[in-house]
Amino acid sequence: MARHPSPAQSLVASPLSRRSFVRTAAGVAGALGAGMLTSCDDPPTGVRSPVAAAKGGNGNGGGKGGGASPRNPLRIPSAGSPPSALTVGETTVDLGGGQLSRVWTYNGQFPGPTIVVEGGSIAAPGDRVAIDLYNDLADETITHWHGMIVDTPNDGHPHQAFQPGGSYHYDFPIVQRATMNWYHPHPHEKTGEQVAMGLAGGFIIRDAVERSYGLPTGPREIPLIVRDAEFDRSGNMIYKPRSGGFEGKYFLVNGTLNPTLSADSAVYRFRLMNGSNARIYRFAFEDGMPFTLIGNDGGFLPDASVQLYEMLLCPAERVDILVDLRDRLGDRLMLRDLDSGWDLLEITVDNDVSDDTVVPVTLPSIEPLGSPVREREFSFDGMSKINGQLYDMDRVDFQVPFGETELWRFTTNGNAPHPVHVHGAYYQVISRTGGRGQLYPWEAGWKDSVLLEDGETVEVLIRFDGYRGLYLMHCHKLEHEDMGMMSNFEVV
Ligand code: C2O
Ligand code: CU
Ligand code: CU
């Protein structure tokens, strides 16, 4: 396997070495073919649960030797300009096939509406987003725009949480390039519950550079928000926190149980995101089909796209992938999680079309951040502390000068995985030593969340050149975050 000890090497690996170090999926996928998932939590006979109808195969609730899972059409969240209002509240939704479930939603939709805006820069801002957030929950809330570079009043800091019946006004310009971000609640000690209960939505930024690539769009550009979930005996969403992280027995893609997508024989662009509280996924196609990675958290990868067979994504990580179905007419494909054995998304290539999409080989360069002027070390301790301290909303743990490149070193002394997330700026991951001892293609370029496993030290370069103000760094395993693995810092 290729090692990537320096940024230069990690960002520009030869196609051959990249290919060889990700070539493992095909064999493994076959071995995981059957009976990986059994449910210990089936409802008693006669009680209708959204998951009861989904037994069989490697779908939800599938047991050993099960037949084909009934599949439900994949929900595509509505997409458009920012709504003037977002209301969080409880809604009964159809998870597929008429299986009703009470979940928490933005504007009654699960996942929330996909917000689509035009990008820009600090010097030349793109769209302006003005949204009133209304709280119809029984508890306080606030929404954070994960991955968005916004000033402190718009960042959804737990200090800004507000009570049921209240509202909060957001107003911010878009000052970054094209990518897919997301939004979710961020109230103190309640983020895990509110996300697990359903509150999340996609946030897509467009720009001219992206348009110049002529990528698939419309019905061939599809966000895939993957998460696990837990239900009570009547099929309503429930949250069962564990200090090691919430892991549900069922999976949802865009809020759909056992989804299926009827596709054209064409190139598809999937904006794939791990929206789980704690679960990590090893995404691959069941038959070992390669796909092309073109972007991640902060937009296009640097310099070149990468062919992959599998990807390990921690909570909050996003990838932008192209899947070429032009030679697959009549085939049935399966996007699988190799770790759980879940068959997350069935794709049937039903419609014969001609498509001349060019899958990009070269992508825009990203300037490396360069020599850091100082270093900081952050130890993710146990399940609730950073550098030995529990989160305190009112304590500012450190100050970062605006516009200076720093090296931040993340370590842990056990109880990982910790997905390390920073608000207010993207970073460039330059090394991982110990543990897996390498960087992966989906960790190149601009990142806001990176996986730290036990025994690993991960170094990133970061520079805050958006806004001065109060921001957060935390573990994005939401139960760790809620227990205190979070830190306030100030960009000065
Ligand atoms: Cu997606 Cu502070 O988090
Ligand atoms: Cu964030
Ligand atoms: Cu953690």
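What counts and how
- Residues numbered from 1 in each chain as written.
- Chains lettered and ligands numbered in written order.
- Predicted model: local features only at pLDDT ≥ 70, side-chain atom pairs only at ≥ 80, totals over all residues.
- Heavy atoms only, no water.
- Core = buried A, V, L, I, M, F, W, Y, C linked by side-chain atoms within 4.5 Å.
- Buried < 20%, exposed > 50% of the residue type's maximum accessible area, 1.4 Å probe, protein only.
- Contact = heavy atoms within 4.5 Å.
- Donors = N, O, S within 2.8 Å, 3.2 Å for Na, K, Ca; no water.
- Helix = DSSP H or I, 4+ residues; strand = E, 2+ residues; numbered from the N terminus.
- pLDDT = per-residue confidence, 0-100.
- Pairing = 2+ DSSP bridges.
- Axes fitted to C-alpha atoms, helices over the stretch in contact; angles between N-to-C directions.
- 1 Å grid on protein atoms, 1.4 Å probe; cavity = no way out; pocket = protein on both sides within 12 Å on 5 of 7 lines; lining within 4 Å.
- Points joined across faces, edges and corners; volume = space filled by probe spheres on them.
- Nonpolar A, V, L, I, M, F, W, Y, C, P; charged D, E, K, R; others polar.

### Focus on the nonpolar core
Leu224, Phe270, Phe283, Met311, Leu325, Ile347 and Trp442 are the most contacted members of the largest nonpolar core, which totals 47 residues. Those residues in contact with Met311, other than ones at most four positions away along the chain, are Leu272, Tyr281, Arg282, Phe283, Phe291, Leu293, Val319, Ile321 and Trp442. Counting residues in each nonpolar core, the second largest holds 38 residues, with Val88, Leu95, Leu137 and Leu257 among its members.

### Considerations on the coordination of the copper ion (ligand 2)
Coordination of the copper ion (ligand 2) by the protein is provided by His144 (NE2) and His421 (NE2), with metal-donor distances spanning 1.9 Å. You can see His144 sitting in strand S7 (residues 143-146) and its partner His421 sitting in strand S29 (residues 418-422), a full 277 residues away along the chain. We note that His144, like His421, is buried.

### Some thoughts on the environment of Gly445
If you trace the backbone, Gly445 turns up in the loop between strand S30 (427-433) and strand S31 (449-452). Residue classification places Gly445 among the buried positions, given a relative accessible area of 3%.

### Overview of the confidence of the model for the protein chain
For the protein chain, the average pLDDT comes to 89, and 87% of its residues sit at 70 or higher. Confidence drops under pLDDT 50 across residues 1-57; counting only partners more than four residues distant or on other chains, this segment forms 131 contacts.

### A short note on unusual backbone geometry
Of note, the amide linkage connecting Phe110 to Pro111 takes the cis form, showing an omega dihedral of -5 degrees. Within the secondary structure layout, Pro111 lies in the loop between strand S4 (100-106) and strand S5 (112-118). The step from Ala416 to Pro417 runs through a cis peptide bond, and the omega angle for that step is 5 degrees. As for its placement among the helices and strands, Pro417 is situated in the loop between strand S28 (406-412) and S29. You will see that Asp303, though not glycine, has its phi angle at about 75 degrees, which is positive. By the element assignment, Asp303 lies in the loop between strand S19 (299-300) and strand S20 (306-308). The exposure class assigned to Asp303 is partly exposed, which follows from its relative accessible area of 28%. Even without being glycine, Ala316 reaches a positive phi, approximately 85 degrees. Judged by relative accessible area, which is 0%, Ala316 ranks as buried.

### Examining the pairing of strand S9 (residues 179-185)
Across the seven residues that make up S9, a large majority, seven, are buried. A two-sided burial pattern is seen for S9, the buried positions comprising Thr179, Asn181, Tyr183 and Pro185 on one face and Met180, Trp182 and His184 on the other. Bridge analysis of S7 against S9 gives four bridges, and the strand direction is antiparallel. Each residue of the ladder has a partner; that of Thr143, found in S9, is Pro185. In this sheet, strand S10 (residues 201-206) lies alongside S9 in antiparallel orientation, the contact comprising five bridges.

### Side note on the sheet that holds strand S3 (residues 85-94)
Pairing is mixed in the open sheet, where four strands are placed in the order S4-S3-S6-S8. Pairing within the sheet leaves two strands with one partner each, and these edge strands are S4 and strand S8 (167-173). With direction set aside, neighbouring strand axes in the sheet form an average angle of 25 degrees. Pairing between strand S6 (residues 128-135) and S8: seven bridges, direction antiparallel. From the neighbouring strand, Tyr134 faces S8, where its bridge partner is Ser167.

### Describing empty space enclosed by the protein
Evaluated as defined, the whole model comprises five cavities of 30 Å³ or more. In this structure, the largest cavity is lined by 14 residues; those nearest its centre are Thr179, Met180, Arg271, Gly299 and Asp320. Residue assignment for the lining of the largest cavity shows that the elements contributing at least two residues are S9, strand S16 (267-274), strand S18 (291-296), S19 and strand S22 (318-324). Residues that form the lining of the largest cavity fall into these classes: five nonpolar, four polar and five charged. In this model, the second largest cavity occupies a volume close to 80 Å³.

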